[in-house]
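A look at the structure
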Number of protein chains: 2
Amino acid sequence: MPTALEIARQATLKPIAEIAEDIGIPPWLIEQHGEHVAKIDLKAIEELKDQPKAKYVVVTAITPTPLGEGKTTTTIGLGQAFSHIGRRATIAIRQASMGPTFGIKGGAAGGGYSQAVPFELLNLHLTGDMHAVTAAHNQISAMVDNSLYLGNEFGLDLNQITWKRVLDVNDRALRNIVIGLGAAGDGVPRQAGFDITAASEVMAVLALSKDLKDLRARLGRIVVGYTKQGEPVTAEQLKAAGAAAVIMREALKPNLLQTLENTPVFVHAGPFGNIAHGNSSVVADLIGIHTGEFLVTEAGFGADMGAERFFNIKCRVSGLKPDAAVVVATVRALKSHSGKYKVVAGRPLPEDMLKENPDDVALGAENLRKQLENIRAHGVEPVVAINGMPSDFASERRVIHELAASMGIKSAVGTHFTDGGRGATEIAEAVAEVASKPNNFHFLYPSEATLRQKIEAIASKVYGADGVDYAPLAAKQLDGYEKNGFGNLPVCIAKTQYSLSHDANLKGAPTGFRLPIREARASVGAGFVYLICGDMRTMPGLASKPAAISIDLDDDGNIVGLY
Amino acid sequence: MPTALEIARQATLKPIAEIAEDIGIPPWLIEQHGEHVAKIDLKAIEELKDQPKAKYVVVTAITPTPLGEGKTTTTIGLGQAFSHIGRRATIAIRQASMGPTFGIKGGAAGGGYSQAVPFELLNLHLTGDMHAVTAAHNQISAMVDNSLYLGNEFGLDLNQITWKRVLDVNDRALRNIVIGLGAAGDGVPRQAGFDITAASEVMAVLALSKDLKDLRARLGRIVVGYTKQGEPVTAEQLKAAGAAAVIMREALKPNLLQTLENTPVFVHAGPFGNIAHGNSSVVADLIGIHTGEFLVTEAGFGADMGAERFFNIKCRVSGLKPDAAVVVATVRALKSHSGKYKVVAGRPLPEDMLKENPDDVALGAENLRKQLENIRAHGVEPVVAINGMPSDFASERRVIHELAASMGIKSAVGTHFTDGGRGATEIAEAVAEVASKPNNFHFLYPSEATLRQKIEAIASKVYGADGVDYAPLAAKQLDGYEKNGFGNLPVCIAKTQYSLSHDANLKGAPTGFRLPIREARASVGAGFVYLICGDMRTMPGLASKPAAISIDLDDDGNIVGLY
């Protein structure tokens, strides 16, 4: 099979203005960036509001292996599939981070014959939104250190400055640094560090803002650190929020692209899936919801993570109600959830895993069952999408179908990776049927609950934990947040994506564990409190053979080595 | 008078595709970024080569005061003026850096009624070229530290790593830092630092590359540091150059915009004017030279700096020959060159300077005389453009006209700041006449000369120094460079822009001084060796009241506070 880039280059793309026009976005609301990318004016939210409202479908997954289970590919394949059954869909996904493209994984937005294109733009700068986040974030950082340099007007405690700097590059050497060295004119020495841009709170603000005014207000609410007395100091106090908003002004316009089959796809924002909510932007969905019969949007990692935050953080902001959820499952991941195999990124699957073994699938399918329950816990009905692979056996897939059927849930196999949209028509039919029925969507917890009640609701109802243990630091921080008025925010639990629990080694649907909260952080601008269980890496490193070393231009100036 | 931003917003802009078409650039060579900005495909260099060749005019200046003497404004005013005398011109300028926009000065590309627009785009991300430079530079940096982390295959000496990191923000706290702290997995601890993006060698590479292949090759030649034995280690050896070229691929396409009067203006690249050559891109000029009767391009700072490098670095690369030079002079700056006044950025002029005083102008005009000689030293004929200000007296301007006339040089007053192009028609007439005559353009030194011969040629013939003193470190470095094969590169002397000498306090046309070279650095990728005289700040700080604190969005989402 050809590489993703080769397939992407063979695609026949339509002018993006035509794609926009097809979904009711008139030329005066689009701003072209080349022939195949357009930024959409936020006025489209208002202008399109009388167009029919699409069914809102979130694509999530079982707990993934480090190889990934093809969630973006399925999102795109499903979006493409609707046109094969005579329906019209729009897709919304996150923008890929450039750091990892050169770091480990290479590029991609989907895969095989289910991709968003143009490939080269998607995997590099696109329209510069990531760069705008970097610039806005670091402008605030410079204002923080300038404030220290000028006498620390707001009394920031040097040991409680929570606002770091960011770059969209995998650079482990920037994780822990000391800045402000040199002469007196070179600032105040202190410990600091860089995160990757996707981990910036500005990125989460971009993803969660409803309009420019909301973005400006959220940027002002960003807490950059605390005084020795525990009082928060905000970007507004530093007078840094206006400039940051000006830097982010164009970035808030969602980017419209297309798939290999010319299905419209919004690509906008890319917040981290652990310390942030891992969903594409609210504004893209507010526009996209009036552009077709279905809006297919993706949530990061498994249903316990991205989908839970989709329901409780993103939908709480947007006011949109999901009509159906798709839970992507693979035979190989469910086998690995039997707990008998070790799957490592970048290595071939263990030989034993390739043998026909429906019993292992059945063991591991407990993970699928729990993730399906997690969707239903929000009053939404799921569909199981089996992302079919050549190594699957019919008996193994049958186990999945049977489990779903036993729960009264529809399931279908998709071959969209190799076949494009026509490989996912059964999934699309199932989704269309489920989405046509009314549901009882509700949040897992009310905004008025305490932070601890919210954490405990997620831990017990979604993760299957027996309870929550708070480290003294976390307890103190949570008390402080309640006192500072952040208690009404939703919570985002940063834990491993490789288990329903906090321990990546616990496969399937673990029980009998307590969730340990080591630390809490308040993303007040973005609008959530996040809790750290274990080590959360917010600045990746380069691999020993980084993807970058094979990426180059050929003699004709074409990009090579980017897969 | 309204602010720059207010004037810019009142302008009637043409669709950029129309501007392009007017100068012979067909639609298939432009890539729109919104309605008023386009990137131009580099194929235009080849496609346009049969169009008539424009006269190539470089705009430079006397030694400026910290207030600036309106060189960009004059460049744009002159470009606009040609249409008022029935001729057609294209303009080429550098892109402004975002750091200083929020740091001290606010935004601008020209001023008053001689501006490039759209203002908001120009002063922020434009098409993201600056961000691409940041990303490409830091990708190489991450590869350097990854190489150390993986065992330092190339034997880089931790004390001789010359490749820093960059950000387009004024952030003094990043000047001197220690990176790689933390656990074993967090890299190798070492001293490091950030420069502002404009100071990146990648920026100079962008400005000096003739095409994509040349860019790729130059990126490969970048020296990131040296071994203990003094052997250079390159980006090519690190396998970092291919990825950097891929990141820079779109950025190499010049950006076409327009002035307030719809004159086409290329805005592309913004290398520093001290540690780099301070000129806009070669590719923009290679396209622009076939788009009208005149191509008006700007060189940074005074004629001893930007213009000297324009002649000896940029034209050596591009193969283009200048047909005329414009030396911008102001009455106030020449008064300050009398040595009797102190002009400070951000403060009003000393009262005494506002009184009629042709004698002071005559004293200071020695600076103008020397800068005019500096142009003629390259076989090019200058025109004096007096950037007229309301505080000028006729007697004072007369001194300038008389000096020019005594040298057989044309001079004219421009009021383009208040009047736009029609205020600079006399300058345009003079330029047109001078440019119509053949000249004897030549480099100041041959490529084959030694680095020391090149330095000494500039010091004696351009700066007026009696000789050059090399600090032991600089001498050792120059010896090393000659040994490493960098001796054939042109040189770029990083000194103060506020004096013809290395000492900002020496006004007028100082003599009787020796030029002290403290240190040498090799920008082998960009293709020059630069020499440091005194303190060169490559990362600015924020002011005590940074421009950022007044920059914000109003209730309608418009940018306010950016002047």
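Looking up chain A in an unreviewed UniProt entry gives the name Formate--tetrahydrofolate ligase, with the organism given as Trebonia kvetii. Per UniProt, chain A carries the Sequence similarities (unreviewed entry) text "Belongs to the formate--tetrahydrofolate ligase family."

1. Quick notes on helix H18 (residues 451–463) of chain A
Between the first and last C-alpha of H18 of chain A there are 17 Å, a value that for 13 residues agrees with the 18 Å anticipated at 1.5 Å per step. Inspection of H18 of chain A places Leu451, Lys454, Ile455, Ala457, Ile458, Ala459, Val462 and Tyr463 of chain A among the buried residues, and these make up the whole buried set.

2. Remarks on the domain arrangement of chain A
All names here are of chain A. Partitioning chain A into structural domains gives domain 1 (4–127 + 251–435), domain 2 (129–248) and domain 3 (451–532). When each unit is reduced to the centre of its C-alpha atoms, the spacing between domain 2 and domain 3 is 24 Å. Contacts between the two partners involve 12 residues from domain 2, matched on the other side by 11 residues from domain 3. When domain 2 packs against domain 3, close to 830 Å² is buried across both sides, 52% of that on carbon and sulfur atoms. Together, Glu201, Arg221 and Tyr226 form the three largest contributors to the area buried by domain 2 at its contact with domain 3, with a combined 42%. Linking domain 2 with domain 3 are zero salt bridges, by the criterion used here. Joining domain 2 to domain 3, the criterion identifies four residue pairs in polar contact (both at pLDDT 80 or more). Looking at the side of domain 2 that touches domain 3, the elements that each hand over two or more residues are helix H8 (201–208), helix H9 (212–221) and strand E12 (223–227).

3. Description of the UniProt feature "binding site: ATP" (unreviewed entry) in chain A
Residues and elements named next belong to chain A. Here, UniProt's "binding site: ATP" (unreviewed entry) annotation points to Thr65, Pro66, Leu67, Gly68, Glu69, Gly70, Lys71 and Thr72. With respect to the helices and strands, Pro66 occurs in the loop between strand E3 (55–61) and helix H4 (71–84). The exposure class assigned to Pro66 is partly exposed, which follows from its relative accessible area of 32%. For Pro66, the contacting residues outside a window of four places in its chain are Val343, Ala345 and Tyr498. As for its position among the elements, Thr72 is in helix H4.

4. Quick notes on the packing of helix H7 (residues 129–149) of chain A against H8 of chain A
A pair of packed helices is characterised by two quantities: the angle between their axes and the separation of those axes. Residues and elements named next belong to chain A. Running from amino to carboxyl end, H7 crosses H8 at an angle of 125°, the nearest separation of the two axes being 9 Å. Put simply, H7 runs oblique to H8. Considering only the axes of H7 and H8, their crossing is right-handed. On H8, the residues touching Met130, Val133, Ala136 and His137 of H7 are Glu201, Val202, Met203 and Leu206. When its residues are assigned to classes, the contact of H7 with H8 shows six nonpolar, one polar and one charged.

The rules we used
- Residues numbered from 1 in each chain as written.
- Chains lettered and ligands numbered in written order.
- Predicted model: local features only at pLDDT ≥ 70, side-chain atom pairs only at ≥ 80, totals over all residues.
- Heavy atoms only, no water.
- UniProt positions renumbered as here; feature names shortened; annotations may be inferred.
- Helix = DSSP H or I, 4+ residues; strand = E, 2+ residues; numbered from the N terminus.
- Expected span 1.5 Å × (residues − 1).
- Buried < 20%, exposed > 50% of the residue type's maximum accessible area, 1.4 Å probe, protein only.
- Domains from an automatic or database assignment.
- Contact = heavy atoms within 4.5 Å.
- Buried area = accessible area lost by both parts, 1.4 Å probe.
- Salt bridge = Lys/Arg side-chain N within 4 Å of Asp/Glu carboxyl O.
- Polar contact = N/O pair within 3.5 Å; in protein donor to acceptor, adjacent residues only side chain to side chain.
- Axes fitted to C-alpha atoms, helices over the stretch in contact; angles between N-to-C directions.
- Parallel < 35°, antiparallel > 145°, perpendicular 65-115°, else oblique.
- Left-handed = near helix turned anticlockwise from the far one by under 90°.
- Nonpolar A, V, L, I, M, F, W, Y, C, P; charged D, E, K, R; others polar.

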